[in-house]
Amino acid sequence: NISDVPIILKIFSPHVLNLTLVDTPGIARVASGDQPTNIEEQVRKLVTTYISKQNSIILAVQGANQDLATSDALALAKSVDSDGSRTIGVLTKLDLMDKGTDAVAILLGRQFPLRRGWTAIINRSQADIHADLSIFEAQQNENKFFRNHPIYNSIADRCGSQILAQKCNKLLTEHIRKTIPQLKKHMDSQIHARQFELESYGQPILPDDHTSGWVLLQILNKLTDQYRDIITSSHMIPNIDFSEKVVLSGGARIRQIVNDVFSKKLGEVHPTAGLTTRDILATIQNASGSKHAIFVPENAFEVLALRQLQWVREPSIQIAELVHDELVNILHNEMHSKDMARFWRLKDRVDEESRDLLRKMLKETKKHIH
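Predicted model, so just to flag it, every value in this text is computed and none were measured. (Residues numbered from 1 in each chain as written. Predicted model: local features only at pLDDT ≥ 70, side-chain atom pairs only at ≥ 80, totals over all residues. Heavy atoms only, no water.)

(A) Structural context of the packing of aromatic side chains. Across all of its chains, the model carries 3 aromatic pairs by this definition. A centroid spacing of 5.3 Å and a plane angle of 80° characterise the contact between F145 and F146, whose relative ring orientation is edge-to-face. The class of F145 is partly exposed, set by a relative accessible area of 23%. Of the residues examined, F146 reaches a relative accessible area of 1% and is grouped as buried. When the ring of F145 is compared with that of Y152, the centres are 6.4 Å apart and the planes differ by 35°; the resulting orientation is tilted. Using a relative accessible area of 1% as the deciding quantity, one classes Y152 as buried. Members of the aromatic cluster, connected to one another through ring pairs, are F145, F146 and Y152. (Phe/Tyr/Trp six-rings, centres within 6.5 Å; stacked < 30°, edge-to-face > 60°. Buried < 20%, exposed > 50% of the residue type's maximum accessible area, 1.4 Å probe, protein only.)

Right under this line is the structure:
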């Protein structure tokens, strides 16, 4: 597969301009050797990643001896730079064109016009590289080619590698100058947001700071107060997303569980379920003993009531579990506070201990219900 990790080469020279060039691979349509079958898709994705950046200048390089109507470079550049404000056309291999043909019409913008125009260059051939022809000598040969050519000599001032470098530098400078206000605004906004976030975390705590215990106590007290307020007081969640359905939470949800859900379950229990008239009379007589009772003895009522409580145990346990789940949900939301986010180990420990405590209280509640 093609790696998206660039190979960085820094060149220092008094004869070059300050530019950062990214040489992307050409579009390979047919995989060869051990190349992946989707080599074309990978290359297109890689090239698009670089040329999509609004602060970059696109050099659409195309051989003059090839048909520009089928140019992948121009097609990709147009897909991300529709108005052509960042695209410079570069024509190579003018020295390899068929006799009787030239690229003047393209260079003058009569064919395949680009907003930033076209620049022609002559690169070193493979034979020149094998002959150790220097870059300086290659540029001299390039200049001679355009100055002495019967057709290109009239536009030699806009051809050559040095002209292309100057053009890129000028265009990049203009582009940077144009985008600096927006870039500065974006940076100021990011700095302000990060500064606000940093201040919200409070003062830094050093490992040997004697105030660390006090800070810990403040955080735990704050968490406790917030947890209590959510259950016992009215509270509103800031920055609520009104595109989502609003649901009850916190104390309101617990109140709904007790008043609505529990009441409904109790209403489904018949008060005399499992009791017959004979059972009631026998209980009253047992409570009266040998005496004649004008009114129903109080202890008879207590015995009957205790017997009937078995029918409300299961609904009571279900309600206890629902309340427990809501308390855990409140705890989970509180664990995302800025204080807890700052001290993630404290967050994990508090969350673990709190959940253990809630489970213990649920167990005690169920035991009390039984």
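(B) The arrangement of the pairing of strand β1 (residues 58-63) in detail. The pairing of β1 with strand β2 (residues 87-92) spans 6 bridges and is classified as parallel. Residue pairing for β2: I58 is matched across the bridge by T87. For the handedness criterion, the β-α-β arrangement of β1, helix α2 (residues 72-80) and β2 is classed as right-handed. (Pairing = 2+ DSSP bridges. Helix = DSSP H or I, 4+ residues; strand = E, 2+ residues; numbered from the N terminus. Right-handed = clockwise from strand over helix to strand, strands pointing away.)

(C) Examining the packing of helix α7 (residues 212-232) against helix α13 (residues 344-369) more closely. Packing of α7 against α13 brings their axes to within 13 Å, and their N-to-C directions diverge by 45°. As the angle between them shows, α7 and α13 are arranged oblique. Remark: the crossing between α7 and α13 carries right-handed chirality. Across the interface between the two elements, L216, I219, L220, L223 and Y227 from α7 touch L346, V350 and L358 from α13. In terms of residue class, the contact of α7 with α13 is built from 8 nonpolar, no polar and no charged. (Axes fitted to C-alpha atoms, helices over the stretch in contact; angles between N-to-C directions. Parallel < 35°, antiparallel > 145°, perpendicular 65-115°, else oblique. Left-handed = near helix turned anticlockwise from the far one by under 90°. Contact = heavy atoms within 4.5 Å. Nonpolar A, V, L, I, M, F, W, Y, C, P; charged D, E, K, R; others polar.)

(D) Structural view of the environment of S288. Mapped onto the secondary structure, S288 falls in helix α9 (residues 277-288). Residues S288 and N299, spaced 11 residues apart in sequence, show a C-alpha to C-alpha distance of 9.3 Å.

(E) Summary view of the nonpolar core. Counting 19 residues, the largest nonpolar core has L91, L94, L107, W118, F146 and Y152 as the members making the most contacts within it. Residue assignment for this core shows that the elements contributing at least two residues are α3 (104-107) and β3 (118-120). Element by element, the count of residues in this core is highest for α3, at 3 residues. Non-local contacts of L94, meaning those with residues more than four positions away in its chain, are made with A64, A103, L107, A120, I121, I122, F145, F146 and Y152. The next biggest cluster of nonpolar side chains, apart from the first, holds 18 residues, and it includes V323, L331, M335 and V350. (Core = buried A, V, L, I, M, F, W, Y, C linked by side-chain atoms within 4.5 Å.)

(F) Molecular detail of the pairing of β2. In terms of burial, β2 is a largely internal element, 6 of the 6 residues being buried. Side chains T87, G89 and L91 of β2 all project onto a buried face; the interleaved residues I88, V90 and T92 project onto the opposite face, where all are buried too. With 3 bridges connecting them, β2 and β3 associate as parallel partners. Counterpart to V90 in the pairing with β3 is T119.

(G) Geometry of the pattern of salt bridges. Per the counting criterion, the structure on display carries 12 salt bridges. In this structure, E40 and R44 form a salt bridge, with 3.2 Å as the shortest nitrogen-oxygen distance. Separated by 4 residues within a single helix, E40 and R44 lie in helix α1 (residues 39-51), roughly one turn from each other. Exposure remark for E40: the relative accessible area of 23% places this residue in the partly exposed category. The structure contains a network of salt bridges with shared partners spanning R29, E40, R44 and D72. (Salt bridge = Lys/Arg side-chain N within 4 Å of Asp/Glu carboxyl O.)

(H) A nonpolar patch on the surface, seen in detail. A contiguous nonpolar patch, built from L21, L59 and V61 and spanning about 270 Å² of accessible area, is present on the exposed surface. With respect to the secondary-structure elements, L21 resides in the segment before α1. (Patch = residues over 30% accessible without salt bridge, like charges linked within 9 Å, V, L, I, M, F, W, Y side chains within 5 Å. Areas by Shrake-Rupley, 256 points an atom, 1.4 Å probe, with all protein chains shown as cover.)

(I) Representation of α9. For α9, built from 12 residues, the straight-helix expectation of 16 Å at 1.5 Å per residue is met to within 8% by its first-to-last C-alpha distance of 17 Å. Following α9 by one or two positions, G289 adopts a phi angle in the positive range, close to 65°. (Expected span 1.5 Å × (residues − 1).)

(J) Structural detail: the packing of helix α10 (residues 298-308) against helix α11 (residues 310-334). Look at α10 against α11: their axes get within 5 Å of each other, and the N-to-C directions meet at 45°. In this view, α10 runs oblique relative to α11, as classed from their interaxial angle. In this structure, α10 uses L306, R307 and Q308 to contact α11, whose residues at the interface are Q310, W311 and V312.

(K) Representation of α2 within the structure. Every buried residue of α2 is listed here: D72, L74, L76 and A77. Those residues of α2 that are buried are in contact with α1, β1, β2 and β3.

(L) Representation of the side chain of T119. Along the chain, T119 falls in strand β3. The class for T119 is buried, based on a relative accessible area of 1%. A distance of 3.5 Å separates the side chain of T119 from the side chain of K167, its partner in a polar contact. Among residues more than four places away in sequence, those in contact with T119 are I88, G89, V90, L91, L107, R158, C159, G160, L164 and K167. (Polar contact = N/O pair within 3.5 Å; in protein donor to acceptor, adjacent residues only side chain to side chain.)

No statement about biological role is implied by the geometric values presented.
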